[in-house]
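The residues making up each chain are set out below.
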Amino acid sequence: MRILLYNPDNGVTRNFMPHLWMFLLQSLTPDGHEVILIDGNAQPMDEAGIARYVREQNIGLVGIGAMTRMIAKAYRMADAIRAVGVPVVMGGPHVTEEADEALGRNGGPRHADAVALGEADETWPMIVADAARGQLKDIYAPVDAFGQESKPSLKEYPAIPWDKINLDQFNLVPKMAKRTLQRIGEGWGTFRIIPMESGRGCPYGCEFCTVTGFFGDSIRFRTNESVVNELLLLKARAKSEAGQMAVFFIDDNFAINIKRTKSLLRDIIAAGAQVHWVAQISANLLRDEELVDLIAASGGKWIFIGMESIDPTNLAGVNKGFNKPGEYAAVLERLALRNVYAITSFIFGMDNDTVGVAERTLKEIRTWPAGLPIFGLLTPLPATPLYKRLEAAGRLTRPKHWQEFIPFAMAHTPLRMSIAEAHAEVKAGWARSYSPEAMAQAVDSLKDKPLGYRVNIFIARMCFRGIYFPQMGPLSWLKLIFQNRRTISSLVKEGFATWRGRPGNPVSVPDESLQTGVGVT
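What you are looking at is a predicted structure, and each value in this text was computed from that prediction instead of being measured.

**Student:** Any chance you could break down helix α11 (residues 289-297) for me, citing the residues and the numbers?
**Tutor:** Looking at α11, one finds that the buried residues are L291, V292, L294 and I295. End-on, the buried residues of α11 take up no more than an arc of 160°, which puts them together on one face. Those residues of α11 hidden inside the fold are in contact with α10 (258-270), β11 (276-280), β12 (300-308) and α13 (328-336). Capping the start of α11 is the job of one residue whose side-chain oxygen sits 3.0 Å from the backbone nitrogen of E290: D288. Count one or two residues on from α11 and you reach G299, which has phi positive near 110°.

**Student:** Explain the confidence of the model for the protein to me, using residue names and the numbers behind them.
**Tutor:** Here the protein averages 91 in pLDDT, while 91% of its residues score no lower than 70. In this model residues 504-521 is a low-confidence stretch, pLDDT under 50, and it forms 61 contacts with partners more than four residues away in sequence or in other chains.

**Student:** How would you explain the packing of aromatic side chains if you had to name every residue and give the values?
**Tutor:** Following the criterion strictly, the structure yields 19 aromatic pairs and no others. Measuring from ring centre to ring centre gives 6.3 Å for F346 and W368, while their planes differ by 20°; the resulting arrangement is stacked. In this pair, F346 sits in strand β13 (residues 341-348) while W368 sits in the loop between α14 (357-365) and β14 (372-377), placing the two residues 22 residues apart along the sequence. Judged by its relative accessible area of 1%, F346 is buried. Its relative accessible area of 9% is what places W368 among the buried residues. Their ring planes at 75° and their centres at 4.8 Å tell us that Y468 and F469 sit as a pair that is edge-to-face. Residue F469 is classed as partly exposed on the basis of its relative accessible area of 22%. Aromatic rings pair up to connect Y328, F346, F348, W368, F375, F408, W430, Y434, Y468 and F469 into one cluster. Across the ring face of Y157, the terminal group of R222 is positioned such that the distance to the ring centre comes to 3.8 Å. Between the NZ or CZ atom of R485 and the centre of the ring of F482, over which it lies, the distance is 4.1 Å.

What counts, and at which threshold
Residues numbered from 1 in each chain as written. Predicted model: local features only at pLDDT ≥ 70, side-chain atom pairs only at ≥ 80, totals over all residues. Heavy atoms only, no water. Buried < 20%, exposed > 50% of the residue type's maximum accessible area, 1.4 Å probe, protein only. Helix = DSSP H or I, 4+ residues; strand = E, 2+ residues; numbered from the N terminus. Arc of directions from axis to C-beta. Contact = heavy atoms within 4.5 Å. Polar contact = N/O pair within 3.5 Å; in protein donor to acceptor, adjacent residues only side chain to side chain. pLDDT = per-residue confidence, 0-100. Phe/Tyr/Trp six-rings, centres within 6.5 Å; stacked < 30°, edge-to-face > 60°. Lys NZ or Arg CZ within 6 Å of the ring centre and 35° of its normal.

In structure tokens, the structure reads:
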């Protein structure tokens, strides 16, 4: 049987990396079946296109995974596939909480022939076997012999064959820029950001988050050896292709067990398995100086930190009081001293937010080392404590907001400002953080660093800007380049001078730090 695993686009802009679930399920598929992967962020498709594809490619089963913001697109694509007679199984956090919606049991249309609840590591082989026999069940749930929910152990983690998987759709080097980049620096024919996990679960239980509900509050880890071997495989592939490879550890809190994380990072260093990597780590865990030393030594370049707010009242209100805004600056300085920088995430529209929250937040950000601030709105996702609280209070304005996804639009009424005012605050945060003036200031703040660090922050900011202000076509990129022409000219002049000053003018990257960037959307 030919199986298509499809990930819909995220409804905002293209992701900068593929989703791990596709590769994991491909590795867990029983022998005798062929698995094809398509990520809609890298390979855009509409309903007619995917229907034609599954028909022409003789696909016998389609698996679709989607988070809430992708689910409307996922349903449309599933409907198109089922219309040509191909069965669809859906999974992921949204379907796990809204299984009746996907199966048409709540009065709406049916979108899936079957749903996989929770983590599908153990149920996927059963789904494939049943589909091959034409006997798909409606629901597949990971339960033990006693009917209790079962979480898979990660100790016997499947080996993902990164050395053999076709990753062409995920090369972030544009075809028209490939030759130029290869002239500037060896090893830039390809650049990919690969998702990996070293553990699952989070004990914190933030009110707005789906992680604890989906993965549980008990943390499960892969063995250090398993993670190291996977890194070595990726590193070898990048070398064989004369390309670049970075890793995003998708663990919801990579350093949740500091002792274990230090052990893993030491093993990575000892094995020479360093690749440039990004991970999500909460600010409170980055107080540990030794941990930060090991992050830098093992290849860590960017840390995603869910700061959410600079207001302690807001943080306490969403069960994230372990974040201490007074520590943010010290945490970021601690990272920057090791040339590790932060993607700092903020949520507006919290209960204690008022008009001006964007500027108050930006005033703090401007005192921190250069990084990548991102802004979003408080969103009540299905089955979260936040959704239940707002529903009980009658504050939901769009109870089924996911059925008509609108990027950066609230689905409930904030307490201390209007929905329109909250939208304006998010827009202001993005506009002021990624204006040409702000870009130039970020670059200038690293003037004491080698050129590569300034190039890195500039490219990262140019691309992250596209999360809110889409820049998907050549004309939008040309406009953006023109707006930032002074900063670009300055960097090019310095780079050319550096290149000319090298003995024999070898064509190579001016500094190792040029290879630290992962800021691509």
